[in-house]
Amino acid sequence: MGRRHAADLAKQREAFELEKEQWQSRLLKKSDAELREAKEAARRALLKEREQALQAVIAGLEEDTAKEKAKVQGELNKKLAEAQDKCAEQVLQAQNAEKEWRAKCAEAAKGQHGVNEKMAQLHARIAQLETQTRDR
């Protein structure tokens with residue numbers, strides 16, 4: 001009975017070792033699967049966090065760009081208004097200068113008319129004197 005008992009014990013030990021190896025193998029596979037799932041979940045969480053951070057940066061840049069655009073547009077509008085005011089002032093000055101020039105031209109034309117009349121009178125007087133001189 002000693003040998004049989006020893007053989008049974010050896011068989012049970014062998015069966016126990018086999019069961020232990022199978023259990024360890026299942027445990028290792030389960031642990032590997034859980035580790036892969038945990039790594040994948042961590043990767044997805046990091047990707048989501050990175051995406052949110054990028055969206056925040058983009059939103060900040062868009063806000064900064066909008067503010068800068070508004071600032072530049074305001075400066076441009078101010079410079080445009082100043083240029084329009086300056087042009088309007090120059091047009092007014094040119095119109096005033098034109099009025100003065102037209103007034104001077106009109107005055108000169110009146111003076112020229114008076115000179116022309118005087119010249120006509122002088123030519124008539126010369127002709128009269130020449131006629132008198134010839135008649136004598």
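What you are looking at is a predicted structure, and each value in this text was computed from that prediction instead of being measured. (Residues numbered from 1 in each chain as written. Predicted model: local features only at pLDDT ≥ 70, side-chain atom pairs only at ≥ 80, totals over all residues. Heavy atoms only, no water.)

A. The overall build of the protein, seen in detail. Of regular secondary structure, the protein possesses one helix and zero strands. The C-alpha atoms of the protein give 57 Å as radius of gyration, which overshoots the globular expectation for 136 residues (14 Å, by more than 25%). Dimensions along the principal axes, computed over C-alpha positions, put the protein at roughly 195 × 25 × 5 Å. The 136 residues of the protein split such that 0% are buried. Looking at the protein as shown, the accessible area adds up to about 13000 Å², and 57% of this sits on carbon and sulfur atoms. In the protein, 28 positive and 25 negative side-chain charges are present, and the distance between their average locations comes to 2 Å. (Helix = DSSP H or I, 4+ residues; strand = E, 2+ residues; numbered from the N terminus. Rg over C-alpha atoms; globule rule 2.2 N^0.38 Å. Buried < 20%, exposed > 50% of the residue type's maximum accessible area, 1.4 Å probe, protein only. Areas by Shrake-Rupley, 256 points an atom, 1.4 Å probe, with all protein chains shown as cover. Lys, Arg positive; Asp, Glu negative; His and termini not counted. Charge placed at Lys NZ, Arg CZ, Asp CG, Glu CD.)

B. The arrangement of the pattern of salt bridges in detail. Counted by the stated rule, this structure contains four salt bridges. Between Arg 44 and Glu 40 there is a salt bridge whose closest N-O contact spans 3.5 Å. Placement of the pair is Arg 44 and Glu 40 together in helix 1 (residues 2–135), with a separation of four residues, close to one helical turn. Judged by relative accessible area, Glu 40 falls into the partly exposed class, the value being 30%. A salt bridge links Lys 67 to Glu 63; the nearest nitrogen and oxygen atoms lie 3.2 Å apart. One end of the pair is Lys 67 and the other is Glu 63, both in helix 1 and four residues apart, which spans about a single turn. Overall, Lys 67 belongs to the exposed group, its relative accessible area being 53%. Three or more residues joined by partner-sharing salt bridges are found here, namely Glu 40, Arg 43 and Arg 44. (Salt bridge = Lys/Arg side-chain N within 4 Å of Asp/Glu carboxyl O.)

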